[in-house]
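Examination of the molecular architecture
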Amino acid sequence: MVEHETERLARGIHHIDASVHYALPEGLKRYRLPDPFYLARIRTSTGEVLYTNCRAECDEHLLAAEIHPPDFWYRMLSTSKPITVAGGRAFGTGDRKIIVEVAILDDQQQVMWDVLGREFADHLAVPMSILLLFILGGTLVSIALALQPVRRAARQAESIDPLDPMHRVDTSGMPREIAEFGQAINRTLSRIHGLMTAQRVFTAAVAHEIRTPLAMLRLELGNIDHPRAQKMEADVDGLAHFVEQITALGRLDGADRAVLQAIDLVAIARKAVADIAPFVYARGATIAFVDHGADQVEAYLPFVDDAIRNLVENAVKHTPRGTMIDVIAGPGPCLAVVDNAGLLQEGSRDHERPDATGIGLEIVRRIMAFHRGRLDIDVEHGKLTAMRLVFKAKIADGRMVRH
């Protein structure tokens, strides 16, 4: 209270020429005459009084004018509440020292609470706010740094391919808790891969068990010269083809991308046309291979061959005799099977699944999903139907180039 009041009173000290004058500052009306509760005296070190609002009270509560006071002093006038205090400070002004003294005998204007508020703001609120700002900033930075491994693990998990047994979350350099989470993800992926492998084995076993009796049944029916036997033989052929499609789906569901390698789309398309040409001609259609400069792609050759065969068989089975089919390689990472019938209806479900069981195009779609590509279907009614296998990557100069 003494420091607060003397500092405010000292603002009224002024130099005019070589002399010192005093004028009570605004807001300190409590130190005007007369006021028996708030006493003030401003004097020089030689005892010259510049301002005072007390007489005998000054002599009673303040230091005697002839005493050379210390730079700061105070004493409690009583131990009761509210606080009553007297004290003074020395202020240097030019080459002179001015002594500002106060006495608060009854704090009716709540100086104490004003001082407490200022002390709280100056020594607690402001420093704590600055400290809190640094603590908050440091905490946010610490959290951001601590969560970097989590974000890195999340990005790895986002890009994980469950079909690739070698693709796992890298837990090296991670904090222990986060590394345990990454290891749990890796164990889950291993279990998924194990289930997919078991499914592939089961599907292959079932298909093998079914193919053998179907082959024997077809052989026996071939020895029977009867129209109904021939009809049954055709049904058995259809069932065998269905089993082959189921087997193909099983291979796709259990496959992993570790088998991917660079293949030449031109070479595989040319070979597929040569292999399937007898089947196409036997059905009264024609087939040709067209090279438009296809890229090399990262793919699994048996699956791509299955996709071409499915599309060609689909075109042969669902178009009239005399249909011309082109297998086009390129341009770019693309293969297309195009027929000149254009019988598929755009926007219809039959367009999407033209084969009898609906498995053929589903197999092709899954093959392209396995290669991270897509199957595009374009139809010009009465003119052409184009089934395009669009791959996502090509091999150029020894590097994988993404499209």
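What you see is a predicted model, and the numbers here were worked out from it, not measured in a lab.

Analysis parameters
- Residues numbered from 1 in each chain as written.
- Predicted model: local features only at pLDDT ≥ 70, side-chain atom pairs only at ≥ 80, totals over all residues.
- Heavy atoms only, no water.
- Helix = DSSP H or I, 4+ residues; strand = E, 2+ residues; numbered from the N terminus.
- Buried < 20%, exposed > 50% of the residue type's maximum accessible area, 1.4 Å probe, protein only.
- Contact = heavy atoms within 4.5 Å.
- pLDDT = per-residue confidence, 0-100.
- Polar contact = N/O pair within 3.5 Å; in protein donor to acceptor, adjacent residues only side chain to side chain.
- Patch = residues over 30% accessible without salt bridge, like charges linked within 9 Å, V, L, I, M, F, W, Y side chains within 5 Å.
- Areas by Shrake-Rupley, 256 points an atom, 1.4 Å probe, with all protein chains shown as cover.
- Salt bridge = Lys/Arg side-chain N within 4 Å of Asp/Glu carboxyl O.
- Pairing = 2+ DSSP bridges.
- Axes fitted to C-alpha atoms, helices over the stretch in contact; angles between N-to-C directions.
- Disulfide = S-S within 2.5 Å.
- Expected span 1.5 Å × (residues − 1).
- Bend = angle between axes of the 7 residues up to and from the residue.
- Core = buried A, V, L, I, M, F, W, Y, C linked by side-chain atoms within 4.5 Å.
- Phe/Tyr/Trp six-rings, centres within 6.5 Å; stacked < 30°, edge-to-face > 60°.
- Lys NZ or Arg CZ within 6 Å of the ring centre and 35° of its normal.

What to know about the overall build of the protein chain
Summing up its helical and strand segments, the protein chain has 9 helices and 16 strands in all. Taking all 403 residues of the protein chain together, the buried fraction comes to 39%. Taking the contacts inside the protein chain whose residues are at least 6 apart along the sequence as the reference set, 59% of them involve residues at least 24 apart.

Some thoughts on the confidence of the model for the protein chain
Of the residues in the protein chain, 86% have a pLDDT of 70 or more, and the chain-wide mean is 80. Note on residues 345-357: pLDDT is under 50 here. Beyond four places in sequence and across chains, it has 22 contacts. Every residue in residues 395-403 scores below 50 in pLDDT, and together they form 18 contacts with partners more than four places removed in sequence or on other chains.

Considering the side chain of Asn53
With respect to the helices, strands and loops of the structure, Asn53 is situated in the loop between strand 4 (49-52) and helix 2 (56-61). Within the structure, Asn53 has its side chain in polar contact with the backbone oxygen of Tyr31 (distance 3.2 Å). There is a polar contact of 2.8 Å between the side chain of Asn53 and the backbone oxygen of Tyr38.

Some details on a nonpolar patch on the surface
A cluster of nonpolar side chains, Phe120, Leu124, Met128, Leu131 and Ile135, forms an exposed patch at the surface whose accessible area comes to about 470 Å². Mapped onto the fold, Leu124 is located in helix 3 (residues 111-158). A relative accessible area of 40% means that Leu124 is categorised as partly exposed.

Let's talk about unusual backbone geometry
The residue after Gly330, namely Pro331, is reached through a cis peptide bond having omega -5°. Summarising the element assignment, Pro331 is placed in the loop between strand 11 (324-329) and strand 12 (334-339). Even without a glycine there, the phi angle at Arg372 is positive, about 60°. Note that Arg372 resides in the loop between helix 9 (360-370) and strand 13 (374-380). Using a relative accessible area of 38% as the deciding quantity, one classes Arg372 as partly exposed.

Observations regarding the sheet that holds strand 11
Pairing in this open sheet of 5 strands is mixed, and the strands run 9-11-12-14-13 from one edge to the other. Either end of the sheet is taken by a strand with one partner, and the two such strands are strand 9 (286-291) and strand 13. Averaged over all neighbouring strand pairs, the angle between strand axes comes to 15°, with direction disregarded. Inspection of the sheet shows strand 13 paired to strand 14 (residues 384-390) by 7 bridges, in the antiparallel sense. When the bridges of strand 14 are listed, Arg374 appears paired with Val390.

Brief notes about the state of the cysteines
Two cysteines whose sulfur atoms are joined by a covalent bond form what is called a disulfide. Taken as a whole and assessed by the stated rule, the structure comprises 1 disulfide. What pairs with Cys54 in a disulfide is Cys58, and their sulfur atoms sit 1.3 Å apart. By the burial criterion, Cys54 is buried, and Cys58 matches it.

Quick look at helix 3
Given a rise of 1.5 Å per residue, 48 residues ought to cover 70 Å, and the 65 Å separating the end C-alpha atoms of helix 3 matches this to within 8%. Of all the bends in helix 3, the greatest measures close to 40° and is centred on Ala121. Taken as a whole, helix 3 has its buried residues at Val111, Val115, Pro149, Ala153 and Gln156.

Structural notes on the nonpolar core
Where a protein is soluble and globular, its nonpolar side chains tend to be buried together. Ranked by internal contacts, the top residues of the largest apolar core, which has 42 residues, are Ile287, Ile308, Val312 and Leu389. Contributing elements (two or more residues each) for this core: helix 6 (265-282), strand 10 (296-299), helix 7 (301-317), strand 11, strand 12, helix 9, strand 13 and strand 14. Among the nonpolar cores identified, the runner-up in size contains 22 residues, and Val2, Leu24, Phe91 and Val100 belong to it.

Points about the pattern of salt bridges
Taken as a whole and assessed by the stated rule, the structure comprises 12 salt bridges. A salt bridge links Arg366 to Glu362; its shortest N-O distance comes to 3.1 Å. Taken as a pair, Arg366 and Glu362 lie in helix 9 at a separation of 4 residues, close to a single helical turn. Relative accessible area serves as the criterion here: at 31%, Arg366 is assigned to the partly exposed category. Between Asp376 and Arg374 there is a salt bridge; the shortest N-O distance is 3.0 Å.

Comments concerning the packing of aromatic side chains
Under the definition given, this model contains 5 aromatic pairs. With a centroid separation of 6.1 Å and an interplanar angle of 80°, the aromatic rings of Tyr31 and Tyr38 are classed as edge-to-face. Exposure remark for Tyr31: the relative accessible area of 0% places this residue in the buried category. Looking at Tyr38, the relative accessible area reads 1%, which means it is buried. With centroids separated by 4.8 Å and ring planes inclined at 85°, the aromatic side chains of Tyr300 and Phe303 adopt a geometry described as edge-to-face. Feature note: the residues Tyr300, Phe303 and Phe370 constitute an aromatic cluster, connected by ring pairs. Over the face of the ring belonging to Tyr38 we find Arg30, whose NZ or CZ atom lies 5.7 Å from the ring centre.

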